[in-house]
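Tertiary structure, described
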Amino acid sequence: MADQVKKDLLGLTEEVEQDRQSDSEIEQERDTRFSTRNLRKAHNPIDFEDSHQEDDSDSNDDYSGSDDSDSDNNDSDDDAVQDNRFSQSELQQEEGKASDAKTEESKRKRTKRKVKPLTPEELAKFEAEQKRAGVCYLSRIPPFMKPHRLKELLSKYAEVGRMHLVPEDPKITKRRKKYTKNRRINYVEGWVEFKDKKQAKTLAEHLNMKQIGGKRKSNYYHEMWTIKYLPKFKWNHLMEQITYEQRAREHKLRTEIAQATRENKAYLQNVEHAKQHKALQKKRKREDEADSDVKRTFKQREKVKRDHDATQPKRAMTEDMKSVLANVFS
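Presented here is an overview of the structure given in this document. (Residues numbered from 1 in each chain as written. Predicted model: local features only at pLDDT ≥ 70, side-chain atom pairs only at ≥ 80, totals over all residues. Heavy atoms only, no water.)

Observations concerning the overall build of the protein
Under the convention used in this document: Secondary structure is summarised from DSSP: a helix means a run of H or I of at least four residues, a strand means a run of E of at least two, and numbering begins at the N terminus for each. Partly exposed describes any residue whose relative accessible area lies between the buried limit of under 20% and the exposed limit of over 50%, with all areas from a 1.4 Å probe on protein chains only and scaled to the type maximum. Any two residues whose heavy atoms approach within 4.5 Å at even a single point are treated as in contact. All accessible-area figures derive from a Shrake-Rupley calculation using a 1.4 Å probe, and residue coverage is judged against the displayed protein chains alone.
When helices and strands are tallied, the protein shows 11 helices and 4 strands. Across the 330 residues in the protein, those meeting the buried criterion constitute 13%. For the protein, the proportion of contacts with a sequence separation of at least 24, taken over those separated by at least 6, is 68%. Carbon and sulfur atoms provide 51% of the accessible area of the protein, an area that totals close to 30,100 Å².

Encoded structure:
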């Protein structure tokens, strides 16, 4: 007892009890750490969670009996909405597939389109048609007459093939559109190909300088035909001339652009040289001004005195000097 009292007085019993409690807590933690439940959870946490959820679901089954009727109604509504969504998505997918199929078919058709070479019979037929065709020239076309209207008027007399009409100068068109409300295209001249050159020749002789006629209300009733048949002239000659003029125009345009670029380059070089020259002049001017401000002093040597002064007249030679010189050079 005396020993216990001494220990109590010194406070050792409390420390011993605290040590014992801490040891017991550590042992409990070890037991819980290495329990079968925790080891199973650490080994496969997914299976453990599934089993835990199953236990929770089993425990909650008893409380879910009253809400089954409400959930069934909500499920039926959700199923109907989902069915509608699925039907719309299926329709969209079908439409997308149909559009893809159409695009693929169009691509196939484009790729399949190939120019087939003419057979000898077709080539001979084409050459015969070209030889039989004739071309007429229209030096003047009624103002603002459209090509289909011209073809309609000429097709009354003969079978018309190809046509080529030349519009007026773009400058005139621009000025006319600026000051008037007329936006139509005005053609100046043109060429018309007829299937039969005999009909073309007779048509030109018959219609030249004749009134167009037709209905009196027509805008072209009082206009006159100015047409001429071109013998030994074919459509390919016209196309060759047009392509030649187009190439000549492009070549002229390229040469003008090249000339303009060269002139521009030379002008820029001259401008740069002028700038450099002006800069040099300014620099020299500044240097001259700086030199004029500075006063330079030079140390001058004294004048050397000589016996013979160039300003004084020369002395005359005496007789003694002459005799001495005569003896020296004799």
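Details of the environment of isoleucine 141
As for its position among the elements, isoleucine 141 is in the loop between β1 (134–138) and α7 (147–154). For isoleucine 141, a relative accessible area of 5% translates into the label buried. Residues isoleucine 141 and glutamate 223, 82 residues apart in the sequence, show an inter-C-alpha distance of 9.1 Å. Beyond its immediate sequence surroundings of up to four residues, isoleucine 141 is in contact with Leu165, Tyr187, Val188, Glu189 and Gly190.

Comments concerning the layout of surface pockets
As a reminder, the rule being used: Buriedness for pockets is judged along seven lines, at least five of which must meet protein on both sides within 12 Å for an open set on the 1 Å grid over protein atoms alone, while cavities are sets there where a 1.4 Å probe fits but cannot get out, and lining residues have an atom within 4 Å of a point. Grid points are joined across faces, edges and corners, and a volume is the space filled by probe spheres set on the points. Amino acids outside the nonpolar list (Ala, Val, Leu, Ile, Met, Phe, Trp, Tyr, Cys, Pro) and the charged list (Asp, Glu, Lys, Arg) are all regarded as polar, and Gly is one of them. Boundaries of every domain are those given by an automatic assignment or by a domain database.
In this structure, the largest pocket occupies an estimated 190 Å³ of space. Looking at the largest pocket, the residues that line it are His164, Val166, Trp191, Leu238, Gln241, Ile242, Glu245, Gln246 and Arg249. Among the secondary structure elements, those contributing two or more residues to the lining of the largest pocket are β2 (160–167) and α10 (235–293). Grouping the constituent residues of the lining of the largest pocket by class yields 4 nonpolar, 3 polar and 2 charged. Two domains each donate at least three residues to the lining of the largest pocket, and these are domain 1 (122–233) and domain 2 (235–288).

A short note on the pattern of salt bridges
Operational definition: Put simply, a salt bridge is a Lys or Arg side-chain nitrogen that is within 4 Å of an Asp or Glu carboxyl oxygen.
Applying the stated criterion to the full structure yields 4 salt bridges. The salt bridge partner of glutamate 152 is arginine 149, with a shortest N-O separation of 3.7 Å. You can see glutamate 152 and its partner arginine 149 sitting in helix α7, 3 residues apart, about one turn around the helix. Using a relative accessible area of 43% as the deciding quantity, one classes glutamate 152 as partly exposed.

Details of the sheet that holds strand β3 (residues 187–194)
How we decide: Two strands are counted as paired when DSSP detects at least two bridges linking them. Helix axes use the C-alpha atoms of the stretch in contact, all axes being lines fitted to C-alpha atoms, and the angles between their N-to-C directions lie in the range 0 to 180 degrees.
The strand order across the open sheet formed by 4 strands is β2-β3-β1-β4, and the pairing between neighbours is antiparallel. The open sheet terminates on both sides in strands that have one partner only, identified here as β2 and β4 (227–230). Sheet twist, expressed as the average angle between the axes of neighbouring strands with direction ignored, equals 20 degrees. Where β1 meets β3, 5 bridges bridge the pair, whose relative direction is antiparallel. Residue pairing for β3: tyrosine 137 is matched across the bridge by tryptophan 191. Of the strands in this sheet, β1, β3 and β4 touch helix α9 (residues 197–207), which is tilted by about 150 degrees from β4.

Things to note about the side chain of glutamate 168
Put simply, the rule reads: Each polar contact in these results corresponds to two N or O atoms within 3.5 Å; when the atoms are within protein, one needs to be able to donate a hydrogen and the other to accept it, and residues that are neighboring in sequence are counted only if both atoms are side-chain atoms.
Assignment of secondary structure puts glutamate 168 in the loop between β2 and α8 (170–179). A polar contact of 3.0 Å, which involves the side chain of glutamate 168, links it to the side chain of threonine 173. Here the side chain of glutamate 168 touches arginine 176 through a polar contact of 2.7 Å, side chain to side chain. Not counting residues up to four positions away in its chain, the partners in contact with glutamate 168 are Thr173, Arg176, Asn186 and Val188.

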